[in-house]
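# Residue-level structure breakdown
What follows is the residue order along each chain.
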Amino acid sequence: MHCYQYLAATVAVANVIERIPGIHHRLPLSLIADWMAENDIEAEEVLLAGTGAIEARVEDLVQQNQPRIPRAA
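## Examining helix H2 (residues 29–38)
Along H2, the residues that are buried comprise Ile32, Ala33, Trp35 and Met36. Seen from one end, H2 has its buried residues packed into an arc of 165°, which puts them on one side. Of the residues in H2, the exposed ones pointing more than 90 degrees away from the buried face are Ser30 and Glu38. Once H2 finishes, Asp40 follows within two positions and takes phi at roughly 55°, a positive value.

## With respect to the nonpolar core
Taken as a class, soluble globular proteins show a tendency for nonpolar side chains to be buried jointly. Counting residues in each nonpolar core, the largest one holds 18 residues, and the members touching the most others are Val13, Ile17, Trp35, Met36 and Val58. Within the residue set of this core, elements represented by two or more residues are helix H1 (2–19), H2, helix H3 (43–48) and helix H4 (51–65). The greatest single-element share of this core, amounting to five residues, is contributed by H1. Setting aside chain neighbours within four positions, we find Val13 in contact with Ile32, Trp35, Met36, Val46 and Val58.

What counts and what doesn't
Here, residues in each chain are numbered from 1, in the same order as that chain's written sequence. With the structure being a predicted model, the display of local features is reserved for residues of pLDDT at least 70 and the display and counting of side-chain atom pairs for 80 or more, all residues being used for whole-chain, interface and lining totals. Here the side-chain values reflect all heavy atoms present in the structure, with hydrogen atoms and water set aside. Three exposure classes are used, based on accessible area relative to the maximum for each residue type with a 1.4 Å probe and protein chains only: buried under 20%, partly exposed in between, and exposed over 50%. Going along the chain from the N terminus, every DSSP run of H or I of four or more residues is numbered as a helix, and every run of E of two or more is numbered as a strand. To be clear, the arc concerns the directions from the helix axis to the C-beta atoms. Buried residues of nine kinds, namely Ala, Val, Leu, Ile, Met, Phe, Trp, Tyr and Cys, make up a nonpolar core once their side-chain atoms join them within 4.5 Å. Throughout, a contact is declared for two residues whenever any of their heavy atoms are within 4.5 Å.

See below:
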């Protein structure tokens with residue numbers, strides 16, 4: 001069950017990142033999962049928080065870390 005929760009959280013974060021202007025393609029989920037781990041974003045936090053709260057946190061982190069997010073081919 002934990003794997004499904006982590007996958008759902010990763011997909012949710014990927015969807016938020018994809019909607020941010022300047023990101024023109026979908027990043028691999030493995031890259032998103034690694035980025036979540038580096039930024040202490042827990043699956044439970046994503047699944048229990050409201051959409052607006054997650055969007056705000058992810059957008060803020062992306063803006064701070066954008067030079068460090070690898071570009072997917």
